[in-house]
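Chain residues, written in single-letter form:
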Amino acid sequence: MKKCSVIIGSLRKNSNSLAVGKAVEQFLYETGEFEVSFPDIGNLPLFSEDLEGSPPETWVNFRAEIASSDCHLFITPEYNRGYPACIKNALDIGSRPNGKSVWGGKPSAVIGVSPGKIGAALGVAQLKQVLSFLNIPLLMQPECYIQADNSFTDGKVGDGGTRDFIKLFTTKYVEFVNR
Ligand SMILES: Cc1cc2nc3c(=O)[nH]c(=O)nc-3n(C[C@H](O)[C@H](O)[C@H](O)COP(=O)(O)O)c2cc1C
């Protein structure tokens, strides 16, 4: 069984990104090969080098959760044509102490989610740049930009083309991780 941590770049309860994450969780579960967790990145104190000597418990637990994962998935909205601060904070915390990053070498993929027509493409591009510096192997194709349309209701992605594409993407992600 492989452990997949899904990092959601939105902290709101009815997040479309979380809805996509739940759909991916179901498809991964159906393979019988993965267990999925959604690490809590909303309660990590903002990174400061002053805290490194005696790191907050939430940082310690988060680093342990990421270190014990076999693969990751980042699902992000776009904030002001970039990716949200909560993801950057989590990446910075996981990258330290210097030389002890928990990120490197774990296969990962990025999904962008937005009600806008370009599906968070610029936020995704910015995030991929930072992930490559952190030595995270990324699924490059297919790219996955989801337009959160009216098939999203009650925190779920309804049946239809968007859900079908998330399923296809999940299949490609599983192939990538297994390779
Ligand atoms: C501070 C802020 C900035 C935003 N900037 C963008 C943007 O640059 N591009 C975009 O497509 N949507 C933008 N949006 C709209 C978000 O895509 C939308 O709120 C989305 O539903 C957030 O994702 P979530 O549903 O997972 O919470 C912005 C929203 C907020 C709150």
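Since the structure is predicted, the reported quantities are computational estimates derived from the model, not experimental observations.

### Notes on the overall build of the protein chain
- Of the regular secondary structure elements, the protein chain holds five helices and seven strands.
- Projected onto the principal axes, the alpha-carbon positions of the protein chain cover approximately 50 × 35 × 25 Å.
- The buried share among the 179 residues of the protein chain stands at 39%.
- Partitioning the contacts of the protein chain with sequence separation of at least 6, the portion at a separation of at least 24 is 77%.

### Regarding the site of the ligand
- Near the ligand there are 15 residues, and of these Ser 10, Asn 16, Ser 17, Pro 77 and Gly 116 occur at the shortest range.
- Among the elements of the structure, α1 (16-31) and β4 (108-114) are those that each provide at least two residues to the shell around the ligand.
- Here the shell around the ligand is composed, by residue class, of five nonpolar, seven polar and three charged.

### Describing the packing of helix α2 (residues 57-67) against helix α3 (residues 85-94)
- α3 packs onto α2 with a crossing angle of 80 degrees between their chain directions and a minimal axis gap of 10 Å. One element, α2, and the other, α3, form an angle in the roughly perpendicular class. Between α2 and α3, the residues in contact are Trp 59, Phe 62, Arg 63 and Ile 66 and Ala 90, Ile 93 and Gly 94, respectively.
- The residue inventory of the contact of α2 with α3, partitioned by class, reads five nonpolar, one polar and one charged.

### Topic: the sheet that holds β4
- Here five strands make up an open sheet; going across it, the order is β2-β1-β3-β4-β5 and the pairing parallel. What marks the edges here is a single partner per strand, and that holds for β2 (34-37) and β5 (145-147). With direction set aside, neighbouring strand axes in the sheet form an average angle of 20 degrees.
- Sheet analysis places β4 next to β5, joined by three bridges and oriented parallel.

### Quick look at helix α5 (residues 161-178)
- If you check α5, its first and last C-alpha atoms are 26 Å apart, about what 18 residues at 1.5 Å a residue would give, namely 26 Å.
- Buried residues of α5: Thr 162, Ile 166, Phe 169, Thr 170, Tyr 173 and Val 177, and no others. When α5 is viewed along its axis, its buried side chains cluster within an angular range of 110 degrees and face the same direction. Exposed residues pointing more than 90 degrees away from the buried face of α5 are listed as Gly 161, Asp 164, Thr 171, Glu 175 and Asn 178.
- Along its buried surface, α5 packs onto β1 (2-8), α1, β3 (71-76), β4, β5 and β7 (156-157).

### Let's talk about the packing of α1 against α5
- The geometry of α1 relative to α5 is characterised by a closest axis approach of 9 Å and an angle of 55 degrees between their N-to-C directions. Between α1 and α5, the interaxial angle falls into the category oblique. Regarding α1 and α5, the two cross each other, and that crossing is right-handed. Residues Val 20, Ala 23, Val 24, Phe 27, Leu 28 and Thr 31 of α1 touch α5, and the partners they reach there are Arg 163, Ile 166, Lys 167, Thr 170 and Val 174.
- Along the lines of polarity and charge, the residues of the contact of α1 with α5 split into seven nonpolar, two polar and two charged.

About the criteria used
Residues numbered from 1 in each chain as written. Predicted model: local features only at pLDDT ≥ 70, side-chain atom pairs only at ≥ 80, totals over all residues. Helix = DSSP H or I, 4+ residues; strand = E, 2+ residues; numbered from the N terminus. Buried ≥ 20, exposed ≤ 12 C-beta atoms within 10 Å, placed from the backbone. Contact = placed C-beta atoms within 7 Å. Near = placed C-beta within 6 Å. Nonpolar A, V, L, I, M, F, W, Y, C, P; charged D, E, K, R; others polar. Axes fitted to C-alpha atoms, helices over the stretch in contact; angles between N-to-C directions. Parallel < 35°, antiparallel > 145°, perpendicular 65-115°, else oblique. Pairing = 2+ DSSP bridges. Expected span 1.5 Å × (residues − 1). Arc of directions from axis to C-beta. Left-handed = near helix turned anticlockwise from the far one by under 90°.

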